[in-house]
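Coordinates in review
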Amino acid sequence: MEKLDESARRVLAMTSGSNDRPFETGTPQEARIDYDVACPMLQGAKEAVASVEDRQITGPNGPIALRIYRGIGAALKDGPGLIYFHGGGWVIGNLESHDEICRWFANIGKCTVICPDYRLAPEHKFPVGVKDCAATLAFAVQFAADLGIDPARIAVAGDSAGGNLAAVLALMSRRGEAAPIAAQLLIYPNTDATQVADSYHRYAEGFGLTAATMRWFRDHYVRTTADITNWRVSPLRAETLLAGVAPAFVATAGHDILVDEGMAYAKRLREEGVPMVHRHWPGQIHGFVSMGRYVAEARRAVEAAVAAWHSFEANSG
């Protein structure tokens, strides 16, 4: 087993006794409350950006709240745009929980970041959240001029369940079911809801996100067991859809129950000829990019994602 970084060890020690109620032993609402309390303890100070705007759009399931960040130095016209889908197992998370990451992306990428507060399970099971994310992408394309972005330069990104949603949107875009995208930036993405990878055994407990919690998340998200192997839930299970999908950046953490499926997705993208960059942080744990107060690699992972995005743009020209 790869050596656990000291920063990850410190976070695990801090959080091991902070919440005696694992998510799966309570209700989704209790999990949301606990998560909202824990997030500020791990995130660093909010980085200043050029502007932040809260807006609401209409989606197929009703109103969707968005937060729009313009990074310092971002172009006011025809600049790059990034739609960021927050993590949280499709059950927890919100605009506040991933505010730090969105600010980093905005400034490092000198871009406009749009983060939707997509609907969560179990109140809104699959595919409601996917449809909210697709509606956000459609909004960004339709109102690109108003947002100051070039509709041909829009990327999608996300971490964990948000990485899942970004990967699914990229596949939908490849099929013509969603607007075109320029890149997909996937941070320790959930790509296989069958949860049969060996890393679910290696890191089942003791490394933050547990196998029991992941089962709880998944079972709240899907409608029936048939959804589990649907590529819109498990993009790794897609049979012939990966070739021709948008260029991808994939970040994985060595001590993460999702590491095997993240690496498998990166490998498959590469084998099917998709331009891609895979960066692996061997000593880190799931969620480390949301731990900027204690984990220096958090911001570096965003820097790596933006560098890959820029390289895709340079090579496409």
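Before reading on, note that the structure itself is shown above.
Residues numbered from 1 in each chain as written. Predicted model: local features only at pLDDT ≥ 70, side-chain atom pairs only at ≥ 80, totals over all residues. Heavy atoms only, no water.

1. Quick notes on the pattern of salt bridges
Cut-off, in case you're wondering: Any Lys or Arg side-chain nitrogen found within 4 Å of a carboxyl oxygen on Asp or Glu counts as a salt bridge. Secondary structure is summarised from DSSP: a helix means a run of H or I of at least four residues, a strand means a run of E of at least two, and numbering begins at the N terminus for each. Accessibility here uses a 1.4 Å probe with only protein chains present; expressed as a share of the type maximum, an area under 20% marks a residue as buried, one over 50% as exposed, and anything in between as partly exposed.
Within this structure, the stated rule accounts for 25 salt bridges. Between Asp99 and Arg67 there is a salt bridge, with the nearest N and O atoms lying 3.7 Å from each other. With a gap of 32 residues between them, Asp99 in helix H3 (residues 99-108) and Arg67 in strand E2 (residues 62-70) connect regions that are remote in the sequence. According to the relative accessible area criterion, Asp99 is buried, its value standing at 1%. The shortest N-O distance in the salt bridge between Arg202 and Asp260 comes to 2.9 Å. Of this pair, Arg202 sits in helix H7 (residues 199-202) while Asp260 sits in helix H9 (residues 259-271), and the two are 58 residues apart along the sequence. Classification of Asp260 by relative accessible area gives partly exposed; the value is 22%. A network of salt bridges, in which partner residues are shared, links Lys46, Asp54, Arg67, Glu96, Asp99 and Arg103.

2. Looking at a nonpolar patch on the surface
The line we're drawing: The residues that make up patches have over 30% relative accessible area and no salt bridge, and they are joined within 9 Å when like-charged or within 5 Å when they are Val, Leu, Ile, Met, Phe, Trp or Tyr. The method behind every accessible area is Shrake-Rupley, applied with a 1.4 Å probe, and residues are considered shielded solely by the protein chains displayed.
A surface patch of nonpolar side chains, about 270 Å² in accessible area, is lined by Ile33, Val37 and Met41. Structurally, Ile33 can be placed in helix H2 (residues 28-42). For Ile33, a relative accessible area of 47% puts it in the partly exposed group.

3. Quick notes on helix H6 (residues 161-174)
Filter applied, for reference: An expected span of 1.5 Å times one less than the residue number is assigned to each helix.
If you check H6, its first and last C-alpha atoms are 20 Å apart, about what 14 residues at 1.5 Å a residue would give, namely 20 Å. The element H6 is extensively covered by neighbouring structure, given that 13 of its 14 residues are classed as buried. Looking one or two residues past H6, Gly176 carries a phi angle of roughly 80°, positive in sign.

4. Thoughts on the pairing of strand E6 (residues 183-187)
Note the following rule: Strands are treated as partners if at least two bridges between them are detected by DSSP. The definition of a right-handed crossover adopted here requires that, viewed with the strands pointing away, the path from the first strand over the helix to the second runs clockwise.
Where burial is concerned, most of E6 is hidden: five out of the five residues are buried. Burial of the side chains of E6 extends over both faces: Ala183, Leu185 and Ile187 are buried on one face and Gln184 and Leu186 on the other. Pairing between strand E5 (residues 149-159) and E6: five bridges, direction parallel. Residue pairing in the sheet places Ala155 in a bridge with Ala183 of E6. Of the crossover connections in this fold, the one passing from E5 over H6 to the parallel E6 is right-handed.

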